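Okay, here's what each chain looks like letter by letter:
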Amino acid sequence: MPTNFDELLDRFHAYLRGVDSALVQDAVARIGWNMPARALAPRPLGCLRHLDRATELTPPDARALVHLLAQQRDELHWGQTYSESDFGKAFIDNYGWLEMFGTRGHFVNDAVAAGLLILGPDIVYPDHHHVAEEIYIPLTGGTDWRMGEGGFRKRQAGEVIHHVSNVNHAMLTGSEPLLALYIWRGGPLAQKSTITGTAMQGRG
Ligand SMILES: [Fe+2]
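Predicted model, so just to flag it, every value in this text is computed and none were measured.

### Some thoughts on the sheet that holds strand β5 (residues 124–129)
Strand order in this open sheet of five strands is β8-β7-β10-β5-β12, and the pairing throughout is antiparallel. Either end of the sheet is taken by a strand with one partner, and the two such strands are β8 (153–155) and β12 (194–195). Of the pairings in the sheet, the one linking strand β7 (residues 143–147) to strand β10 (residues 169–172) comprises four bridges and is antiparallel in character. Following the sheet pairing, D144 is matched in β10 by L172.

The following block contains the structure:
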């Protein structure tokens, strides 16, 4: 019997319902949560080694979700949009995402994609953009985020970060890993981002 991820989806939904943000609640309300499951083969990645530390850093309201995620990590189908030629080997060894639902995730949804992103410590995710609108909620703090032409700003766990269509954004982790929840809507849901930054960005 393949692992059932219904409870993980329930906790994902429950966490989002508790986020105090009109933008997030609008997104949650538009999602049809009764989604059919999609059978995907387990695909663990190297970045999963950061999940234990990320669990310790997670605020109480996200703990139930992250705890189950950590428990089921090796059964889930983790993905990478980039390859070593994009951002180098250190990035690839410290990066991965889980599509909870969407056009290729564990539950089928053709209108909205959502999931969780992991980045290890001291990683630069250079400037990139995409057509889809994106809502990020970091579940661990301490990462610097940048949007548009602005500078890097440290964001706390639970903050809501909104990237409108095609705006550049970048992340720079510090001494701790980043675990972040994301929602993509209003554009191609499996599109590879357009990269405009370099791995040197933010250093120096
Ligand atoms: Fe993005």
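### Some points on the nonpolar core
Among the nonpolar cores identified, the biggest contains 40 residues, and F12, F101, L139 and L181 are the most heavily contacted of them. With six residues, the top contributor of residues to this core is helix α4 (residues 60–72). Contact partners of L181, with chain neighbours within four places excluded, come to F12, Y15, L16, L65, G115, L116, I135, Y136, I137 and L139. F91, I123, Y136 and L189 belong to the second-largest nonpolar core, a separate cluster that totals 21 residues.

### Here we look at the pattern of salt bridges
Taken as a whole and judged by the stated rule, the model has 13 salt bridges. For R53, the salt bridge is made with E56, and the minimal N-O distance between the two is 2.6 Å. Within this pair, R53 and its partner E56 are both found in helix α3 (residues 51–57), separated by three residues, close to a single helical turn. With a relative accessible area of 56%, E56 lands in the exposed category. Between E159 and R155 there is a salt bridge, and its shortest N-O distance comes to 2.8 Å. Judged by its relative accessible area of 11%, R155 falls in the buried class. Through salt bridges with shared partners, a single ionic network connects D26, R30, E133 and R185.

### Section: the coordination of the iron ion
The protein atoms that coordinate the iron ion are H130 (NE2), E134 (OE), E134 (OE) and H169 (NE2), at distances of 2.2 to 2.6 Å. Because the angles between the four donor atoms bound to the iron ion fall within 53 to 136 degrees, the donor set is best described as irregular. Counting residues between consecutive donors of the iron ion along the chain gives the motif H-x3-E-x34-H. Relative accessible area serves as the criterion here: at 2%, E134 is assigned to the buried category.

### Quick look at the packing of helix α1 (residues 6–17) against α4
At a minimum axis separation of 9 Å, α1 and α4 run at an interaxial angle of 155 degrees. By the angle between their directions, the pair α1 and α4 is classed as roughly antiparallel. Helix-helix and strand crossings are classified by hand; for α1 and α4 the assignment is left-handed. Every residue of α4 that contacts α1 at E7, L8, R11, F12 and Y15 is listed here: D61, A62, A64, L65, L68, L69 and Q72. Within the contact of α1 with α4, the residues separate by chemical class into eight nonpolar, one polar and three charged.

### Regarding the side chain of T55
Locating T55 in the fold gives a position in helix α3. Setting aside its immediate chain neighbours within four residues, T55 contacts V66 and A70.

Criteria and cut-off values
- Every chain begins its residue count from 1, and numbering advances along the sequence as written.
- The model is predicted, so local features are restricted to residues of pLDDT at least 70 and side-chain atom pairs to those at 80 or more, both for listing and for counting; the totals for chains, interfaces and linings are taken over all residues.
- By convention in this description, side-chain values take in all heavy atoms of the structure and omit both hydrogens and water.
- Two strands pair under a simple rule: DSSP has to find at least two bridges between them.
- A run of DSSP states H or I qualifies as a helix once it reaches four residues; a run of E qualifies as a strand once it reaches two. Both are numbered from the N-terminal end.
- Among buried residues, the Ala, Val, Leu, Ile, Met, Phe, Trp, Tyr and Cys ones that are joined through side-chain atoms within 4.5 Å form a nonpolar core.
- Relative accessibility under 20% of the residue-type maximum defines a buried residue, over 50% an exposed one, and the middle range a partly exposed one, all with a 1.4 Å probe and only protein chains included.
- Contacts are assigned to residue pairs with any non-hydrogen atoms lying within 4.5 Å of each other.
- Each salt bridge in this description consists of a side-chain nitrogen of Lys or Arg and a carboxyl oxygen of Asp or Glu lying within 4 Å of one another.
- Coordination partners: N, O, S within 2.8 Å of the metal, 3.2 Å for Na, K and Ca; water not considered, so apparent gaps in a site are possible.
- Labels for metal geometry use angle windows, namely 85 to 135 degrees for all angles of a four-donor tetrahedral site, and for square planar (four donors) or octahedral (six donors) sites opposite donors over 155 degrees apart plus all others within 65 to 115; sites meeting none of these are irregular.
- Here an axis means a line fitted to C-alpha atoms, over the contact stretch when the element is a helix, while the angle between two N-to-C directions is reported on a 0 to 180 degree scale.
- For classification purposes, an angle smaller than 35 degrees is called roughly parallel, one larger than 145 roughly antiparallel, one from 65 to 115 roughly perpendicular, and anything else oblique.
- A crossing counts as left-handed when the near helix is turned anticlockwise from the far one by less than a right angle, and as right-handed when that turn is clockwise.
- In the scheme used here, Gly and all other residues not listed as nonpolar or charged are polar, with Ala, Val, Leu, Ile, Met, Phe, Trp, Tyr, Cys and Pro taken as nonpolar and Asp, Glu, Lys and Arg as charged.

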